[in-house]
Amino acid sequence: MDGGNMIIQEIRVTPLAFRDPPLLNAAGVHEPWALRTIIEVITDDGLSGLGETYGDLDHLTKMRECAPALIGVDVHHTNEIYTRISAIVGDVVSDLHGLTGTSTKEKSIDRVFSPFEVALLDIRGKAAGVPVCDLLGGRVREAVPYSAYLFYKWDSHPGGTPDRFGAALDPAGLVEQAALFIKEYGFRSIKLKGGVLPPDDEIAAIRALHEAFPGVPLRLDPNTAWTPETSIRVAHELQGALQYLEDPCPEISGMADVSRNIATKLATNMCVVTPEHLPPAIASDAIQVLLLDHHYWGGLTRSAQVAALCGTFGLDLSMHSNSHLGISLAAMTHLAAATPNLTYACDTHTPWQDGQDVVAPGALRFVDGAVPVPDGPGLGVELDREALATMHEQYLTCGLTSRDDTGYMRRFDPEFVVKRGHW
Ligand SMILES: O=C([O-])C(=O)C[C@H](O)[C@@H](O)C(=O)[O-]
Ligand SMILES: [Mg+2]
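Remember, it's a predicted structure, so these values are computed and weren't measured experimentally.

Draft legend 1. Expanded view of the sheet that holds strand S10 (residues 244-246). The sheet built from seven strands is open, its strands ordered S7-S8-S9-S10-S11-S12-S13 with parallel pairing. Edge positions in the open sheet fall to strand S7 (148-151) and strand S13 (316-319), since each of these has one partner strand only. Neighbour-to-neighbour, the strand axes of the sheet open up by a mean angle of 25 degrees, direction not taken into account.

Draft legend 2. Representation of the sheet that holds strand S1 (residues 8-19). The antiparallel open sheet is built from three strands, whose spatial order is S1-S4-S5. Edge strands, defined here as strands with exactly one partner in the open sheet, are S1 and strand S5 (48-54). When the angles between neighbouring strand axes are averaged without regard to direction, this sheet yields 20 degrees. When strand S4 (residues 33-43) meets S5, the two strands line up antiparallel, connected through seven bridges. Considered in S5, the bridge of Ile42 is made with Ser48. Strand contacts of helix H3 (residues 105-128): S4 and S5, with the helix running at about 155 degrees to S5, the strand carrying the most contacts.

Draft legend 3. Layout of the pairing of strand S8 (residues 190-193). Residues of S8 alternate between two faces, with Ile190 and Leu192 on one and Lys191 and Lys193 on the opposite face, all of them buried. As paired strands, S7 and S8 are joined by four bridges and run parallel to one another. Pairing of Tyr149 across the sheet is with Lys191, part of S8. For the crossover that starts at S7, traverses helix H5 (residues 171-185) and ends in the parallel S8, the hand is right-handed.

Draft legend 4. Representation of helix H8 (residues 252-259). Where H8 is concerned, the buried positions are Ile252, Gly254, Met255, Val258 and Ser259. One side of H8 holds all its buried residues, which, seen down the axis, span an arc of 160 degrees. At its buried positions, H8 is contacted by helix H7 (228-237), strand S11 (266-268) and helix H9 (278-283).

Draft legend 5. Local environment of the confidence of the model for the chain. Taken residue by residue, the chain gives an average pLDDT of 96. The fraction at 70 or more is 97%. Across the assembled chains, the prediction reports ipTM 0.98 with pTM 0.97.

Draft legend 6. Highlighting the UniProt feature "active site" (unreviewed entry) in the chain. Taking the numbering used here, the UniProt-annotated feature "active site" (unreviewed entry) corresponds to Lys193 and His320. With the annotated positions falling across 128 residues, the maximum pairwise C-alpha distance of 12.0 Å places them together in a single cluster. Along the chain, Lys193 falls in strand S8. As for its position among the elements, His320 is in the loop between S13 and helix H11 (326-337). In contact with His320, not counting residues within four places along its chain, are Asn269, Leu291, Leu292, Asp293 and Asp347.

Definitions and cut-offs
- Residues numbered from 1 in each chain as written.
- Chains lettered and ligands numbered in written order.
- Predicted model: local features only at pLDDT ≥ 70, side-chain atom pairs only at ≥ 80, totals over all residues.
- Pairing = 2+ DSSP bridges.
- Helix = DSSP H or I, 4+ residues; strand = E, 2+ residues; numbered from the N terminus.
- Axes fitted to C-alpha atoms, helices over the stretch in contact; angles between N-to-C directions.
- Contact = placed C-beta atoms within 7 Å.
- Buried ≥ 20, exposed ≤ 12 C-beta atoms within 10 Å, placed from the backbone.
- Right-handed = clockwise from strand over helix to strand, strands pointing away.
- Arc of directions from axis to C-beta.
- pLDDT = per-residue confidence, 0-100.
- UniProt positions renumbered as here; feature names shortened; annotations may be inferred.

Written out as structure tokens, the structure reads:
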């Protein structure tokens, strides 16, 4: 099969919900259900491709509006698909939970385009009999390293039964969490989601992790909870202990101010989240590491282009994640496998999904903290239809339609404020 004309005949858009533990962050706490949307694209010759994206209602509505407009387009014509999606998304700015930075019109379009593009690459890979990473230039690594992504957390959702991860509200709890993830997945680097406790407590946590796991690279991400002054102080106190410090304070200008005064590299998935942010961030040396995320950088091909640009301007690359399932993990793995300058272990929330998935078991596994590139053509993962139906039913009955970490937290702590430039 040469992958010639393949026309989009049908697109299915299915929102899902899966169980999520009470993970704390600067915006509040994760609700009991995480929402995702699965895209299935089917061609006139019967090939199908998969994409996965956010499940928030405004985004889901846009996906549902765009899907019919793509029927009849050739799967290779992604420029045409981008044009049609741009016209439908229009000026609406989505993505308002704030943990993936500012929303812009372009980012809203890229977020909608992304899962369709991934599904089309899945189809094109299947048609050509090659993995998606081959459509992105071919693999430069056989397996993609991921980091243990630690969160401060409660032992259960209020009123619920304790989960198997237990509470982590102090350094000892985080060390225990890291040990569990390293034992189960073999991770070789660690990221701590900060911005939850006052900075000195989070400094103590990093020191405890540094002592418990000597030589293991560590990152801390307070999601802009600190002022530039605090960011500089923390960076000095943790000098030598961090591989990089992620989004300590808001805005490109704040990050540039911090960057001028510290030796530790600064990373972001908040102040540089769309192409228009790159020139000012590069000009002011605000960041040294960009966390790519194909879900909002417009899919895998556009993310690969951004990666090349980062290489040109001397920025390092890592990869960001939100709560996700296996289609996203497969897409992230193909992109990372084909990106020569993506040299840090990527983020993943996979351990927190604790075995729940929409893809059939077997294709994705962790070996020494890394996911080997799936073997099959395309993304190399198959939809588990029973799991899809169950998770869709959960979506219909869970009562959530958009992520709201802050609203959920305020049910238990009415005085809670989002920590943005707070400490
Ligand atoms: O690196 C990050 O900023 C994230 O992973 C954002 C996520 O939304 C994370 O904070 C979470 O899951 O709560
Ligand atoms: Mg981050």
